[in-house]
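The lines below spell out each chain.
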Amino acid sequence: MGLKPGDPVFVRPDGMVDADLLDFVRSSTFRNMERESKRNYSTDMRLLLDFLSSRGVEWRQATQQDLGDFRDWRCEAPENPGQISGTKWDREAAAFTKLFKWAGVRPMPVDISRPEDRAADSVSSRVSWLTPRTWGLWSDIGLRGHGRGGIPVPGWDSRTEIRNTSFVQLLLSSALRRQEGGSLLTFELPTQQLRHGRYCHGRIAGAVTRSKSSRVFYVSVDAVGQVEAYIQSERAWAITRAQATGRYERLPQMRLITRMTGGLKPKVEWVDRNGVVGERELSRLRWMERQSLFLEGPEGPEPAYLWLTEQGMPMPPERWNGVFRTANQRCEKVLLTEKERKVTRDLRLTAMRAKSPYATPHSARHSAALYLLIVLNQLVETRYGLTKAERRDFALLFGDPWWLVKTILGHSDVETTKRHYLSPVAHLQLESILAMADTTDDQDKGTEDLDGVFARLARETAGIQDIDTLLGTVS
C-alpha cells in the first residue's frame, strides 16, 4: 500500500479507514517528513478531526469559523484545563495547513503563513536547563538508583545503568540532539583527540540531523571513556546473549558491512542475506537504515549500531524518552513526599517542582549550550584579560561566544541560538556576572567558581534547575 513503518492510519468513527487521509499519508507531502514529525503531526490532526466529527463536519468542509472555535478552545477557553501555548498552536496550525493545502480546500480554514493564524506569544517553551551539579544529582538518583544518602538503595536493578549514564554524558558533553547521539554507529564514536587532549572530535551524518547537513561535533575524553566502558561491558553482554539465542539469525534484514572507504565522502559497503551487494555514503544513512547494519565479530555478526536494548537489538532514538521519564519518576519518588507525588507535574506549585530535578534528552542539549556559553565568556572576559578593542578583534577572528555555540549546535543562524535557547539569560549581562566570579589557575578552585556562577544564574533566572534550590545550599 506504500505505507512506511511508523506511518499513521486514520480510522473514522464508523470503524472504517478514511481513504482520503490514507492518500494524504501516502502522498509526497507527508511521506517525505521525518518519522518524529509524522507522529507529531498525526496526533495534532487527530484532535482536530475528533473536534470536527463531534460537530458533524467533514474535514474537507471545515470553515474558518470551525478552526477559530477549535483554536479558542485549545488556547483560550477558561473551561479547558489543558490549554496549550502559542508555540504548540503554531505546530498544530502547520499540520492543519499541510493537510488542507494538499486537499485543495478553498478558502483555507487555517494557513500558518497568515499572521492572524499564528500565535503572537509563540516562544519556545521547551527550553530547559540543569546545572552540572544538578545533572549529577539527577543521574545519581534517576539512573544509578541512589537515595538521599548518596548510595544505591537495596534492590536497585542496574542492568542498563552504564548505557543510560554514558548516553546522558555524551549529550551533555557534545550538545547533540537525541536522534543525532542516539543513532551513532560504533565506528563513528570519536577517537582522535584535539591537541591538548581534553576533547575528541567526530562527524555527525547529515541524514540524522535536522538540517540534513553533516557537521563536526566535539565530546570530552571522559564522556568517550564512559561510552567505551559501556561497549566493553553491558553492550558486549547483550550481544553475547542475542547471539546465543540466535536472535540475529532470525532478523528479516541484515546488511553485513564488508568495507568502509575513506576520503571526504566515506562510504559503507555491505552484502545482505541474499548476497546482494550495496553501498551508501555514511552521511546519507538514516537512523532506520543504520539499524540493519552489522559487523563481523569474534562470535558472529553483531550490530554496528552503538546503543542497544537489553535484548541486543538497536535502540530507536525515541526510546530514550522512556529512559528519561523513568529517571524523572524515580527522582520524584525519592525527593518528594507521597502527598506531593499525587499532584501531577503540570498542576504543582513552583516551590514543589523545584524539589525534584526534571530532565529530557533536549534538556541535555540546552544545558550543554548554556555551559559552553558561560565557559567561553569566562575565557574571553577573564582568563584572557582582553580589552574591549582586543575582544572585538578576537570576535572578528574567531567569532563571539554566541557564534561559537551556534556552530557547535548546528544552527544556521545565530539568532536562532539566542532566541530559542539562551535568550532568557541574555538580559543578565553575563559579562558582568562572570567578572564577579573569582578566577584562578588552580583547576579545582576554577571548577568551584564555575559552580558559583551557575548557582547565581539559577537564583536570578527562571527555568534553570540547580542543586542549591533543590536540596538547599550545598556546603
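Check the entry above for the structure.
The rules behind these values
Residues numbered from 1 in each chain as written. Predicted model: local features only at pLDDT ≥ 70, side-chain atom pairs only at ≥ 80, totals over all residues. Heavy atoms only, no water. Helix = DSSP H or I, 4+ residues; strand = E, 2+ residues; numbered from the N terminus. Buried < 20%, exposed > 50% of the residue type's maximum accessible area, 1.4 Å probe, protein only. Contact = heavy atoms within 4.5 Å. Expected span 1.5 Å × (residues − 1). Phe/Tyr/Trp six-rings, centres within 6.5 Å; stacked < 30°, edge-to-face > 60°. Pairing = 2+ DSSP bridges. Axes fitted to C-alpha atoms, helices over the stretch in contact; angles between N-to-C directions. Lys, Arg positive; Asp, Glu negative; His and termini not counted. Salt bridge = Lys/Arg side-chain N within 4 Å of Asp/Glu carboxyl O. Patch = residues over 30% accessible without salt bridge, like charges linked within 9 Å, V, L, I, M, F, W, Y side chains within 5 Å. Areas by Shrake-Rupley, 256 points an atom, 1.4 Å probe, with all protein chains shown as cover. 1 Å grid on protein atoms, 1.4 Å probe; cavity = no way out; pocket = protein on both sides within 12 Å on 5 of 7 lines; lining within 4 Å. Points joined across faces, edges and corners; volume = space filled by probe spheres on them. Nonpolar A, V, L, I, M, F, W, Y, C, P; charged D, E, K, R; others polar. Core = buried A, V, L, I, M, F, W, Y, C linked by side-chain atoms within 4.5 Å.

Caption draft 1: A look at the overall build of the protein chain. Scanning the protein chain from terminus to terminus reveals 20 helices and nine strands. Per-residue burial for the protein chain yields a buried fraction of 45% across its 475 residues. Restricting to contacts in the protein chain with at least 6 residues of sequence separation, those with at least 24 account for 62%.

Caption draft 2: Inspection of helix H5 (residues 86-103) at higher detail. Taking 1.5 Å of rise per residue, the 18 residues of H5 would be expected to cover 26 Å, and the 26 Å separating its terminal C-alpha atoms lies within 8% of that figure. Restricting attention to buried positions, one finds in H5 the residues Gly-86, Trp-89, Asp-90, Glu-92, Ala-93, Ala-95, Phe-96, Thr-97, Leu-99, Phe-100 and Ala-103. Residues of H5 that are buried make contact with helix H1 (19-26), helix H3 (35-54) and helix H4 (64-75). At the C-terminal side of H5, Gly-104 shows a positive phi close to 70°.

Caption draft 3: How the structure looks around the environment of Glu-299. Positionally, Glu-299 belongs in the loop between strand S7 (293-297) and strand S8 (300-303). Residue classification places Glu-299 among the exposed positions, given a relative accessible area of 65%. Glu-299 sits 56 residues away from Gln-243 along the chain, and the two C-alpha atoms are 7.7 Å apart.

Caption draft 4: Layout of the packing of aromatic side chains. In total, this model carries 14 aromatic pairs according to the counting rule given. Residues Trp-307 and Trp-320 carry aromatic rings whose centres are separated by 5.7 Å and whose planes lie at 90° to one another, so their mutual orientation is edge-to-face. One end of the pair, Trp-307, is in the loop between S8 and helix H11 (320-335); the other, Trp-320, is in helix H11, and 13 residues separate them in sequence. Classification of Trp-307 by relative accessible area gives buried; the value is 0%.

Caption draft 5: Summary view of the sheet that holds S7. If you trace the five strands from one edge of the open sheet to the other, you get S6-S5-S4-S7-S8, paired in mixed fashion. Every interior strand has two partners, whereas the edge strands, strand S6 (277-281) and S8, have only one. On average, each strand axis in the sheet is inclined to that of its neighbour by 45°, with strand direction left out of account. Of the pairings in the sheet, the one linking S7 to S8 comprises four bridges and is antiparallel in character.

Caption draft 6: Quick look at the side chain of Arg-255. Structurally, Arg-255 can be placed in strand S4 (residues 255-260). Notably, Arg-255 is buried but unbridged: the nearest opposite-charge side chain belongs to Glu-289, and the N-O separation is 5.0 Å. The contact partners of Arg-255, leaving out residues within four places of it in the chain, are Trp-270, Val-271, Asp-272, Ser-292, Leu-293 and Phe-294.

Caption draft 7: Examining a nonpolar patch on the surface more closely. A surface patch of nonpolar side chains, about 460 Å² in accessible area, is lined by Met-1, Leu-3, Val-9, Val-11 and Val-17. Within the secondary structure layout, Leu-3 lies in the segment before H1. Residue Leu-3 is classed as partly exposed on the basis of its relative accessible area of 33%.

Caption draft 8: Geometry of the side chain of Arg-235. Checked against the element boundaries, Arg-235 lands in helix H9 (residues 221-244). Comment: no salt bridge for buried Arg-235; closest opposite-charge side chain is Glu-302, at 4.5 Å.

Caption draft 9: Region of the structure containing empty space enclosed by the protein. Applying the stated criterion across every chain yields a total of one cavity of 30 Å³ or more. Of the volumes computed, that of the largest cavity is approximately 50 Å³. Lining the largest cavity are Arg-35, Glu-36, Arg-178, Gln-179, Trp-287, Pro-317 and Glu-318. A per-class count over the lining of the largest cavity returns two nonpolar, one polar and four charged.

Caption draft 10: Focus on the environment of Tyr-41. With respect to the helices, strands and loops of the structure, Tyr-41 is situated in helix H3. Once the C-alpha coordinates of Tyr-41 and Leu-99 are considered, the two residues, 58 residues apart in sequence, prove to be 9.7 Å apart. Leave out the neighbours within four places in its chain, and Tyr-41 touches Met-33, Arg-91, Ala-94, Ala-95 and Lys-98.

Caption draft 11: Inspection of the nonpolar core at higher detail. Trp-135, Trp-138 and Trp-307 are the most contacted members of the largest nonpolar core, which has 55 residues in total. Among the elements that line this core, the one with the most residues is H11, at seven residues. Discounting residues that sit within four places of it in the chain, Trp-135 has contacts with Leu-130, Val-168, Leu-172, Phe-324, Ala-359, Thr-360, Ser-363, Ala-364 and Ser-367. The next biggest cluster of nonpolar side chains, apart from the first, holds 29 residues, and it includes Leu-21, Tyr-41, Phe-51 and Ala-95.

Caption draft 12: Structural detail: the environment of Pro-109. Note that Pro-109 resides in the loop between H5 and strand S1 (129-130). Between the C-alpha atoms of Pro-109 and Trp-59, which are 50 residues apart in sequence, the distance is 10.0 Å.

Caption draft 13: Layout of unusual backbone geometry. In this chain, Arg-106 is followed by Pro-107 through a cis amide linkage whose omega measures -5°. Secondary-structure assignment places Pro-107 in the loop between H5 and S1. Although it is not a glycine, Ala-175 adopts a positive phi angle of roughly 65°. For Ala-175, the position within the fold is in the loop between helix H7 (161-174) and helix H8 (178-182). Overall, Ala-175 belongs to the buried group, its relative accessible area being 0%.

Just distances and angles here, no functional claims.
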